[in-house]
There are 4 protein chains.
Amino acid sequence: MDASEKITVGIVGASGYGGVQLVRLLLEHPQIEIAYLGGNQSAGKKFAELYPYLGHRFHHTIEPIDVETIAERCQVVFLSLPNGVGYKLAPQLLEKGCQVLDLSADYRFNDIKSYTAAYNVERDDEETMATAVYGLPELYREQVKTATLVGCPGCYPTASLLAIAPLLKQGLILPETVIIDAKSGTSGGGRKSKVNLLLAEADNTLSAYGVAGHRHTPEIEQICSHLAGVDIRVQFTPHLVPMVRGMLSTVYANLRDPGLVRDDLLTIYNAFYRSSDFVKIVPNGVYPQTKWTTGTNLCYIGVEVDPRTDRVIVMSAIDNLMKGQAAQAVQCMNLMLGWEETVGLPKLAFYP
Amino acid sequence: MDASEKITVGIVGASGYGGVQLVRLLLEHPQIEIAYLGGNQSAGKKFAELYPYLGHRFHHTIEPIDVETIAERCQVVFLSLPNGVGYKLAPQLLEKGCQVLDLSADYRFNDIKSYTAAYNVERDDEETMATAVYGLPELYREQVKTATLVGCPGCYPTASLLAIAPLLKQGLILPETVIIDAKSGTSGGGRKSKVNLLLAEADNTLSAYGVAGHRHTPEIEQICSHLAGVDIRVQFTPHLVPMVRGMLSTVYANLRDPGLVRDDLLTIYNAFYRSSDFVKIVPNGVYPQTKWTTGTNLCYIGVEVDPRTDRVIVMSAIDNLMKGQAAQAVQCMNLMLGWEETVGLPKLAFYP
Amino acid sequence: MDASEKITVGIVGASGYGGVQLVRLLLEHPQIEIAYLGGNQSAGKKFAELYPYLGHRFHHTIEPIDVETIAERCQVVFLSLPNGVGYKLAPQLLEKGCQVLDLSADYRFNDIKSYTAAYNVERDDEETMATAVYGLPELYREQVKTATLVGCPGCYPTASLLAIAPLLKQGLILPETVIIDAKSGTSGGGRKSKVNLLLAEADNTLSAYGVAGHRHTPEIEQICSHLAGVDIRVQFTPHLVPMVRGMLSTVYANLRDPGLVRDDLLTIYNAFYRSSDFVKIVPNGVYPQTKWTTGTNLCYIGVEVDPRTDRVIVMSAIDNLMKGQAAQAVQCMNLMLGWEETVGLPKLAFYP
Amino acid sequence: MDASEKITVGIVGASGYGGVQLVRLLLEHPQIEIAYLGGNQSAGKKFAELYPYLGHRFHHTIEPIDVETIAERCQVVFLSLPNGVGYKLAPQLLEKGCQVLDLSADYRFNDIKSYTAAYNVERDDEETMATAVYGLPELYREQVKTATLVGCPGCYPTASLLAIAPLLKQGLILPETVIIDAKSGTSGGGRKSKVNLLLAEADNTLSAYGVAGHRHTPEIEQICSHLAGVDIRVQFTPHLVPMVRGMLSTVYANLRDPGLVRDDLLTIYNAFYRSSDFVKIVPNGVYPQTKWTTGTNLCYIGVEVDPRTDRVIVMSAIDNLMKGQAAQAVQCMNLMLGWEETVGLPKLAFYP
């Protein structure tokens, strides 16, 4: 395939961490050409001013956000914008024939009320919303393949749902007992100047936040309920960990059948993810480390059963900016374009 | 009180992190004189060879472990040794009139069977064991005051028990629902050359360990059961966090009475710890950070109720080497000697 | 001395890291009472809103900056403000009888031209400036004792000057060969939301900044020239290191007399700092670590001679927020008030 | 090219960080097949026991070190062994027709005396030594292409020599003024259980080590002298920085011609490295960060001139385990095999 055949892609909201991951991934994607970078605040700046390490390799300038221009130049558009912005662009881009992947929360809900309750944004694009597919390929691969609009999940739902999906799908646990204790590196907070994300503040420390009220909860519950076929409420507690990248979800639930042992569950998990190249079930007695995923689209999952308490404990590790954000979006794009889902995506970390 | 009246103290096993915290704390304790440092491996070495930063201030040499010498010189003895060693020394020291604080697991159990099951050490000093007091002053202050032998709890039980004690003591939760998701800095692993504790391995990463089988579980359960008056099994999952010091326990439990709200629990916690100078309940909407405790004997506790799930979530933060180890031992010593429990202990961290 | 006899102190610009160190130090200073906290941006806020860990202990509210109020309530005033602000307040406070310690660059220069060249601020308070003493007690102790206005040096000049002063004072090196390669934790950048100080940006990385043009250079040169009695130009390169606190200056210079060996220099350094309780010369073959100084007012200095190159290499470690900022200011205050310079200051770190 | 045509490669000493980088790189190298992993201590173990994250992808077992076996199976052999071991294997492997890349110091010297002085190992393989090429392709590309034995430089010499080579080669500086202040992440210390490399010890701190006597000094001097055509002594000071990967060398030297300005030097550097794909000169006013190189074979170089002191300051950043070790060895292998030097090597980092 020569360069002229490459698919043209645009990134709107390119200046953040999601944007720079997309740029970095797409630069080495064999079938993609970056045709447009948009951002109102940084418009006119060279992308390499924001990320000087790319200066020798990438010479694009950030342009003002203009739907006409984008649609003219790009077949596929990634929206990497704050919540409540993308939904104003997506319908127009779709109408002009673009395929759209939104990295915000705007298209993760199939129900306007839940979205509005969590994000406090009034909108009336129910029709567009109804066409959006939840961009977690391991759970919705077939739907993603035929989608023109994908709402890509964030890091917490990705890690948590991959950990718990086999249990819910197979009805192995008591749904009301699900507790998700999640831990994230600070890059999840974005490239925004917030005092609490300064190294001086966030290093050498650990704390929970958004306890009992984090807005990823309804998103997780929506998908859990869909998987289980019944309404589910989960306990979700995010923590901020002194590291740049990486997320670990430790998920607890009571087994419906206390006779199940660890090996049974490992078998079930391996089967569930058999055709998912990016999910790796670690063997007996090994627990996943977030570092194993750094810079890759991998998710490592470890499973343990406590026969004393009849609980299953599942641990899932991802790179919050990759499988938890940009790389998963590229995985979705690959599927939407009819390619292997693994094309152009890093499959193995460097250690240590 | 002049120097000649100071109480003489010995530290056996002084070369580890517990030892150096004790040395550091006791050096600035107004009523203590360090009279002996013991350690078989480091015997003959100046302490400052191991910790050069103390070189200008502390000139003691580590001596071979010899009970006669210790008892002759010291009124109080801290045993900062690996599990399964201290119980060979303690009875002799007690017999010679020393007061003993053991920092290992050897005297944390009131039941030889539980100890042996967890630590795989056969012993027959049931009598001595029966006299030991569990060195968590906030729960056993009066007993500590009159003890001659104290088994000081480690960091995980300290953080977890302080978080959950008010709930169990007042019967506010369903005991079988207790889940403790705990996170620790790597200094908890000691000054031992283990590959997994190298900065190159342990930085930029996060993982669980000892899932469903960590040996602090029976210790936590013993005290929980004692507090609740019924046998309790808890789910305890420790995690290793890329930071030197600090521990956070996030504890989940179902409320017996779903009508309780956060403010009720804050009132209960404040009352429970009213006379405990080192436990601070943080107000509504604030969650504790481990960094607040660094270098101090403080424990910060935050409480949240989720009315959607009828669960209480309690977060407790300590410095694992201080309130979780050496400083708490000094707090116990203060009580054993009839002093204010706060004497000579750091009460406020530096931030950031 | 009872409470009514305590000296009243005010802190203007209390919300930053300098401010919170001052609050923390003065809270435990036996002879001080904090009587005023000022800050225009945070006026009206409780200090504990900014630093919740102090909530149980410190209940002051930040007030608008008003000279009358300050002078009425405070005998001593710390100005912890951005460069170019303090010089507008200091003259008025002095006139009303306050003793003033300025933590910015405003009173570090004895020459308006140098100040203006470096900080681009036009001012005409030459008279006040002439009365200011450079607040590095190890070099200007006697002057500080009688000062009413002290310009406290920042972290880079403190670490660098303490490392090099004995060499310059004794004429042991060729002045034009001085190179200072300095490394700082990121808290030196202050509690400001700058993208490059985010943990996500500043962790796992290292770089120089301000090469060949950092504005601490003229300040260092001014004092170096004063010590040497001749005009000196130094090469100064600061680096940002992924840690919260701590600063290391590695200083290189060619020895005038190549016959000098390490032991000679250790003798000279020990003699030079004999009456300086906060400076510790480490013995042969040991090099200082920044961690040894964390939370203290200590400076550790190591010295090495390379007989192959006739160079001396001096390494000095401090806590940038303590000896490099707030604690050193308190040390100066102690001297100004006729007290021991060590009163109320931390003298030993916790390790690790 | 189908699999049967791939070049077979062996790694002796595979269990360390050098080994795992080689495995990781060669696994994704399109023209290589890993045919042998050797190590006496880990013989019999699956490689994935040492590095579980590779478990799903790499199934090799570590074998005892046996020259016959290696030579039979492998065309190219990497020796990733401690200093003083490889020189016993290399001659035999060469004799049997293997191409050998040694990652230790054993073949970095062209002079047995210098090697023995630095490493205290007596040996008499002068003949083999004489055939070895110094594996820094940017300086010795043509020699590497025809070599059968390459002594790969470590991280400090690589970063330092790339920074200074253009200056020495062109005679732009006074050779006796060269000072190299180098800073390294702790992974450079290897996967060895050393107390000072524990996270608890090495995090939150910074110090120099090996001052005035580090054994990389003679290696750097050998190449510097070769480049300059005269004997050169450099001042080299390594520092340990609290991060896993990354190295920054800050190099100081006095310009021979004080008229040179920064832009002149940028031109010279760009020309010097014009055909070196892995060296990137950053433009005016930008300084390299180690993070830009993480997981890649890149070296970023920044140049500054201080007209006040007539000094040039050069900063070079590399990943110490990649360009500073394993990836550079693969770059050499590519050249030895007649391929593009960039084949199979990561060319762009992920940020942040």
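Residues numbered from 1 in each chain as written. Chains lettered and ligands numbered in written order. Predicted model: local features only at pLDDT ≥ 70, side-chain atom pairs only at ≥ 80, totals over all residues.

So, the overall build of chain A
Across its full length, chain A carries 12 helices and 13 strands. For chain A, the C-alpha radius of gyration of 20 Å lies close to 20 Å, the compact-globule estimate for 352 residues. Principal axes of the C-alpha set define a box for chain A whose edges measure 60 × 45 × 40 Å. Counting every position in chain A, which comprises 352 residues, the buried fraction comes to 61%. A fraction of 70% describes how many contacts in chain A between residues 6 or more apart in sequence connect residues 24 or more apart. (Helix = DSSP H or I, 4+ residues; strand = E, 2+ residues; numbered from the N terminus. Rg over C-alpha atoms; globule rule 2.2 N^0.38 Å. Buried ≥ 20, exposed ≤ 12 C-beta atoms within 10 Å, placed from the backbone. Contact = placed C-beta atoms within 7 Å.)

A closer look at the sheet that holds strand β13 (residues 311-318) of chain C
Residues and elements named next belong to chain C. If you trace the 7 strands from one edge of the open sheet to the other, you get β8-β9-β7-β10-β13-β12-β11, paired in mixed fashion. Here the strands that pair on one side only, and so sit at the sheet edges, are β8 (207-208) and β11 (279-281). Pairing analysis gives 3 bridges linking β11 to strand β12 (residues 299-306), with the strands arranged parallel. Across the sheet, V279 pairs through a bridge with C299, a residue of β12. (Pairing = 2+ DSSP bridges.)

Let's talk about the sheet that holds strand β7 (residues 179-184) of chain B
For sheets, the rule is that strands pair by backbone hydrogen bonds, running either parallel or antiparallel. Residue and element names in this part refer to chain B. Taken in spatial order, the 7 strands line up as β8-β9-β7-β10-β13-β12-β11 in an open sheet, and their pairing is mixed. The two strands at the open ends of the sheet, each matched to only one other strand, are β8 (207-208) and β11 (279-281). Here 6 bridges tie β7 to strand β9 (residues 235-240), and the two strands are oriented parallel to one another. Within β9, the residue paired with I180 across the bridge is F236.

Looking at the packing of helix α8 (residues 155-169) of chain C against helix α10 (residues 216-228) of chain C
Residue and element names in this part refer to chain C. Running from N to C, α8 and α10 point in directions that differ by 25°, and their axes come no closer than 10 Å. Accordingly, the angle class assigned to the pair α8 and α10 is roughly parallel. The hand of the α8/α10 crossing is right-handed. From α8, Y156, P157, S160, L161, I164, A165, L168 and K169 reach across to α10, where they touch H216, E219, I220, I223, C224, L227 and A228. Here the contact of α8 with α10 is built from residues that sort into 11 nonpolar, 2 polar and 2 charged. (Axes fitted to C-alpha atoms, helices over the stretch in contact; angles between N-to-C directions. Parallel < 35°, antiparallel > 145°, perpendicular 65-115°, else oblique. Left-handed = near helix turned anticlockwise from the far one by under 90°. Nonpolar A, V, L, I, M, F, W, Y, C, P; charged D, E, K, R; others polar.)

Structural notes on the domain arrangement of chain A
Residues and elements named next belong to chain A. Segmentation of chain A into domains returns domain 1 (3-152 + 325-336) and domain 2 (155-318). Distance from the C-alpha centre of domain 1 to the C-alpha centre of domain 2: 25 Å. On the domain 2 side, the residues contacting the 17 residues of domain 1 number 17 residues. Contributions of two or more residues to the side of domain 1 that touches domain 2 are made by α5 (112-119), α7 (137-145) and α12 (326-336). Partitioning the side of domain 1 that touches domain 2 into residue classes produces 10 nonpolar, 5 polar and 2 charged. (Domains from an automatic or database assignment.)

What to know about the relation of the copies chain D and chain C
Each copy of the sequence occupies a distinct position, and chain D is placed on chain C by a rotation of 180° and an axial shift of 0.0 Å, giving an RMSD of 0.0 Å. The relationship between the two copies is best expressed as a two-fold rotation axis. Minimal C-alpha distance to the rotation axis in chain D is attained by P242 of chain D, lying at 3.2 Å. Looking at the interface residues of chain D, 100% of them are also at the interface in chain C, so both copies use one shared face. (Least-squares fit on C-alpha atoms with pLDDT ≥ 70 in both.)

What to know about the pairing of strand β12 (residues 299-306) of chain A
Residues and elements named next belong to chain A. Burial of β12 is extensive: 8 of the 8 residues sit out of reach of the surface. In β12, alternate side chains face the same way, and those of C299, I301, V303 and V305 on one face and Y300, G302, E304 and D306 on the other are all buried. Inspection of the sheet shows β12 paired to strand β13 (residues 311-318) by 8 bridges, in the antiparallel sense. Residue pairing in the sheet places D306 in a bridge with R311 of β13. In this antiparallel pair of consecutive strands, β12 and β13, the connection spans 4 residues, and D310 shows a positive phi of 60°.

Some remarks on the interface of chain D and chain C
Chain D puts 38 residues into the contact, and the matching count from chain C is 38 residues. When contributions to the side of chain D that touches chain C are tallied by element, the ones reaching two or more residues are β7 (179-184), α9 (199-202), β8 (207-208), β9 (235-240), β10 (247-254), β12 (299-306) and β13 (311-318) of chain D. Per-class residue counts for the side of chain D that touches chain C are 19 nonpolar, 10 polar and 9 charged.

Here's the deal with α8 of chain C
All names here are of chain C. Relative to the 21 Å expected for 15 residues at 1.5 Å per residue, α8 spans 21 Å between its end C-alpha atoms, a close match to the ideal helical length. Maximal helix bending in α8 amounts to about 40°, located at A163; proline P166 follows within four positions. Positive phi shows up at G171, right after α8, with a value of about 65°. (Expected span 1.5 Å × (residues − 1). Bend = angle between axes of the 7 residues up to and from the residue.)

Looking at the relation of the copies chain B and chain D
It takes a turn of 180° to lay chain B on chain D, together with a shift of 0.0 Å along the axis; the resulting RMSD is 0.0 Å. A shared binding surface is used by both copies, with 100% of the interface residues of chain B retained as interface residues in chain D.

Looking at helix α1 (residues 17-27) of chain A
Residues and elements named next belong to chain A. α1 sits mainly inside the fold: 10 of its 11 residues count as buried. Listing the buried residues of α1 in full gives Y17, G18, G19, V20, Q21, L22, V23, R24, L25 and L26. Buried residues along α1 sit in contact with β1 (7-12), β2 (32-38), α2 (47-50), β3 (76-79) and α12.

Looking at the nonpolar core
If you look at the biggest cluster of nonpolar residues, it comprises 486 residues, and the most contacted ones within it are I301 of chain A, I301 of chain B, I301 of chain C together with I301 of chain D. In this view, I301 of chain D contacts L162, A163, Y269, V279, I281, V282, P288, V314, M315 and S316 of chain D; residues no more than four positions away in its chain are not counted. (Core = buried A, V, L, I, M, F, W, Y, C linked by C-beta atoms within 7 Å.)

Section: the environment of L240 of chain C
Residues and elements named next belong to chain C. Relative to the helices and strands, L240 resides in strand β9 (residues 235-240). According to the C-beta neighbour criterion, L240 is buried, with 24 such atoms within 10 Å. Residues in contact with L240, not counting those within four places in the same chain, are S184, T186, A202, S207 and Y209.

What about unusual backbone geometry?
A cis amide bond, omega 5°, links Y351 of chain C with the succeeding residue P352 of chain C. Along the polypeptide, P352 of chain C turns up in the segment after α12 (326-336). Positive phi is not limited to glycine here, since N204 of chain B has a value of about 60°. Mapping N204 of chain B onto the fold places it in the loop between α9 (199-202) and β8. For N204 of chain B, a count of 25 C-beta atoms within 10 Å translates into the label buried. In this structure, N120 of chain C is a non-glycine residue whose phi angle is positive, near 60°. The topology assignment puts N120 of chain C in the loop between α5 (112-119) and α6 (126-131).

Notes on the pairing of β10 of chain D
Residues and elements named next belong to chain D. Counting buried positions along β10 gives 8 out of 8 residues, so the element sits mostly inside the fold. The alternating pattern of β10 places M247, S249, V251 and A253 and L248, T250, Y252 and N254 on opposite faces, both of which are buried. Pairing of β7 with β10, which is carried by 6 bridges, proceeds in the antiparallel orientation. If you follow S184 over to β10, its bridge partner there is M247.

Quick word on the confidence of the model for chain A
On average, residues of chain A carry a pLDDT of 96, and 99% of them reach 70 or more. Across the whole predicted complex the pTM is 0.97, and at the interface the ipTM reaches 0.96. (pLDDT = per-residue confidence, 0-100.)

Some details on the environment of G84 of chain C
All names here are of chain C. Within the secondary structure layout, G84 lies in the loop between β3 (76-79) and α4 (86-95). Under the C-beta neighbour-count criterion, G84 is labelled partly exposed, with 16 such atoms within 10 Å. For the pair formed by G84 and D106, sequence separation is 22 residues and the distance between their alpha carbons is 6.2 Å. With residues near it in sequence (within four places) discarded, G84 still touches D106, Y119 and V121.

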